[in-house]
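As a plain string of letters, each chain reads:
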Amino acid sequence: REAGRYLLANDLTWGNAGNLSARIDDARCLITASGTSLGELADDDLVECCIDPCAAVSGSRKPSKELPMHAAIYRGRPEINAVLHTSSFYTTLVACSDMDLPGNWFVEDMYYVERVARVPYVHPGAPGLGDAVAAVASEANILLLENHGGLVYDTSVREALMALHTLEVVCRMAVTAKSAGIAMRGLPPETVADFLERSGYRPRRRWEGRS
């Protein structure tokens with residue numbers, strides 16, 4: 001519930017857009033119910049579900065239709081414990097464009113937005129969206145769902161919230177800089193690599209098929 005209130009308070013969600021989930025164990029997760037407002041979550045707005053196969057196992061509410069997308073992350077990334085999906089303004093704007101997002105502008109950018117992958121448009125809730133997410137889930141912790149919004153996941157709800165907020169800030173900076181004609185100066189690759197290896201915040205992520 002606190003995560004939902006944080007999203008609303010920081011303009012990271014609106015209306016009943018978006019959904020969030022948290023892993024319970026290897027087989028189950030909690031996900032927001034269909035039609036809920038993330039900023040006003042109550043206990044009965046969370047539905048316990050199986051990860052594989054995707055199905056509600058308790059509660060009287062219907063789980064978000066995006067459950068297959070969340071479950072795809074949990075199945076492919078066993079270290080992930082929280083998944084957040086929103087249609088925040090700047091992130092969605094970038095997701096509706098061909099803009100590339102840098103991961104080398106500032107410390108939080110390097111830490112949270114280190115790598116971003118794109119997912120081609122699939123209708124929300126369609127089975128194919130879960131498959132499309134599964135195909136790139138190991139490549140990044142941030143996905144831009146084209147013409148849809150953002151999908152962020154991490155080892156805890158707190159880390160996922162910080163990543164989602166940082167993503168929105170970077171998207172806002174990218175859009176603002178482009179519209180104002182500001183040429184952004186990124187850090188060189190060797191500096192980024194040194195930060196990721198030596199910052200001490202956490203061990204550097206090792207992405208599938210990449211160093």
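Residues numbered from 1 in each chain as written. Predicted model: local features only at pLDDT ≥ 70, side-chain atom pairs only at ≥ 80, totals over all residues. Heavy atoms only, no water.

1. Overview of the pattern of salt bridges
Okay, step 1: Throughout the structure, instances matching the rule amount to seven salt bridges.
Okay, step 2: Measuring nitrogen to oxygen at the nearest pair gives 2.6 Å for the salt bridge that ties D25 to R28.
Okay, step 3: Among the salt bridges present, the one from R198 reaches D194, with a minimum N-O distance of 2.6 Å. Here R198 and its partner D194 are both found in helix α7 (residues 189-198), four residues apart, which amounts to about one turn of the helix.
Okay, step 4: Residue classification places D194 among the partly exposed positions, given a relative accessible area of 39%.
Okay, step 5: One network of salt bridges, with partners in common, ties together D25, R28 and E48. (Salt bridge = Lys/Arg side-chain N within 4 Å of Asp/Glu carboxyl O. Helix = DSSP H or I, 4+ residues; strand = E, 2+ residues; numbered from the N terminus. Buried < 20%, exposed > 50% of the residue type's maximum accessible area, 1.4 Å probe, protein only.)

2. Remarks on the side chain of S64
Okay, step 1: With respect to the helices and strands, S64 occurs in the loop between β4 (55-56) and α2 (67-76).
Okay, step 2: Dropping the residues within four chain positions of it, S64 is found in contact with N19, I31, T32, A33 and S34. (Contact = heavy atoms within 4.5 Å.)

3. Things to note about the pairing of strand β6 (residues 116-119)
Okay, step 1: Only one face of β6 is covered, namely the one carrying A117 and V119; the face carrying V116 and R118 has none of its residues buried.
Okay, step 2: Examined bridge by bridge, β6 and strand β7 (residues 142-145) share four bridges and lie parallel to one another. Looking across to β7, one finds that V119 is bridged to L145.
Okay, step 3: Crossover β6 to β7 through helix α5 (residues 127-136) is right-handed. (Pairing = 2+ DSSP bridges. Right-handed = clockwise from strand over helix to strand, strands pointing away.)

4. A word on the sheet that holds strand β1 (residues 19-23)
Okay, step 1: Within the open sheet, the eight strands sit side by side as β4-β3-β2-β1-β5-β8-β7-β6. Their pairing is mixed. Edge strands, defined here as strands with exactly one partner in the open sheet, are β4 and β6.
Okay, step 2: Relative to strand β8 (residues 149-154), β7 runs antiparallel, the two being bridged by four bridges. Residue pairing in the sheet places I142 in a bridge with V152 of β8.

5. Thoughts on the packing of helix α1 (residues 2-9) against helix α6 (residues 157-180)
Okay, step 1: One way to put it is that α1 packs onto α6 with a least axis distance of 11 Å and a crossing angle of 10 degrees. With respect to α6, the element α1 is oriented roughly parallel. Residues A3, Y6 and L7 of α1 pack against V157, L161, M162, L164 and H165 of α6.
Okay, step 2: Of the residues assigned to the contact of α1 with α6, the class counts are seven nonpolar, one polar and no charged. (Axes fitted to C-alpha atoms, helices over the stretch in contact; angles between N-to-C directions. Parallel < 35°, antiparallel > 145°, perpendicular 65-115°, else oblique. Nonpolar A, V, L, I, M, F, W, Y, C, P; charged D, E, K, R; others polar.)

6. Concerning the nonpolar core
Okay, step 1: Core analysis: the biggest nonpolar cluster contains 32 residues, and L7, L20, L84, V94, L101, V152 and L167 have the highest contact counts within it.
Okay, step 2: Of all the secondary structure elements, the ones that give two or more residues to this core are α1, β5 (82-86), α3 (89-95), α4 (107-112), β7, α6 and α7.
Okay, step 3: No other element matches α6, which puts nine residues into this core.
Okay, step 4: Beyond its immediate stretch of four places on either side in the chain, L84 contacts N19, L20, G150, L151, V152, A160, L161 and L164.
Okay, step 5: C29, I73, A132 and L143 belong to the second largest nonpolar core, which has 26 residues in total. (Core = buried A, V, L, I, M, F, W, Y, C linked by side-chain atoms within 4.5 Å.)

7. Observations regarding the pairing of β1
Okay, step 1: Where burial is concerned, most of β1 is hidden: four out of the five residues are buried.
Okay, step 2: Bridge count for β1 against β5 is four bridges, and the pairing is antiparallel. Counted as the bridge partner of A22 is A82 from β5.
Okay, step 3: Note: β1 against strand β2 (residues 28-32), three bridges, orientation antiparallel. Across the sheet, S21 pairs through a bridge with I31, a residue of β2.
Okay, step 4: Hairpin connection between β1 and β2: a loop of four residues separates the two successive antiparallel strands.

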